[in-house]
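Residue strings, one per chain:
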Amino acid sequence: MGTIKFKPQKKLAYDKTPLQLKVSLGVREKVMAISGWQEILRDFLDEMIAKNEKRT
């Protein structure tokens, strides 16, 4: 069995299919330089979804 490289912080497992998007040149490197960027982005997306659900 292989070594576990990543453990989710939450109790629910993450979707196996990644969300991908195109960004402007240089954005990828700047985002990846932010410590904990993945969790920050996940939290932001959860907030964005919650706000959008309130509007409908």
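In this text, all values refer to a predicted model and were calculated from it rather than measured experimentally.

1. Let's talk about the overall build of the protein
Here's step 1: Across its full length, the protein carries 2 helices and 0 strands.
Here's step 2: With 56 residues in all, the protein has 0% of them scored as buried.
Here's step 3: On the protein, roughly 6100 Å² of surface is accessible, and the fraction owed to carbon and sulfur atoms is 59%.

2. Here's the deal with a nonpolar patch on the surface
Here's step 1: A contiguous nonpolar patch, built from Leu21, Val23 and Val27 and spanning about 260 Å² of accessible area, is present on the exposed surface.
Here's step 2: Within the secondary structure, Val27 sits in helix α1 (residues 27-32).
Here's step 3: Judged by relative accessible area, which is 31%, Val27 ranks as partly exposed.

3. Here we look at the packing of aromatic side chains
Here's step 1: What the rule picks out here adds up to 0 aromatic pairs.
Here's step 2: The ring of Tyr14 has Arg42 sitting right over it, with the charged end atom 4.2 Å from the ring centre.

4. As for the pattern of salt bridges
Here's step 1: Within the structure shown, the criterion is met by 1 salt bridge.
Here's step 2: Ionic pairing is found between Arg42 and Glu39, a salt bridge with its closest N-O pair at 3.3 Å. Note that Arg42 and Glu39 are positioned in helix α2 (residues 37-55) at a spacing of 3 residues, about one turn of the helix.
Here's step 3: For Glu39, a relative accessible area of 23% corresponds to the partly exposed category.

Parameters at a glance
Residues numbered from 1 in each chain as written. Predicted model: local features only at pLDDT ≥ 70, side-chain atom pairs only at ≥ 80, totals over all residues. Heavy atoms only, no water. Helix = DSSP H or I, 4+ residues; strand = E, 2+ residues; numbered from the N terminus. Buried < 20%, exposed > 50% of the residue type's maximum accessible area, 1.4 Å probe, protein only. Areas by Shrake-Rupley, 256 points an atom, 1.4 Å probe, with all protein chains shown as cover. Patch = residues over 30% accessible without salt bridge, like charges linked within 9 Å, V, L, I, M, F, W, Y side chains within 5 Å. Salt bridge = Lys/Arg side-chain N within 4 Å of Asp/Glu carboxyl O. Phe/Tyr/Trp six-rings, centres within 6.5 Å; stacked < 30°, edge-to-face > 60°. Lys NZ or Arg CZ within 6 Å of the ring centre and 35° of its normal.

The quantities given are spatial measurements derived from coordinates; they are silent on function.
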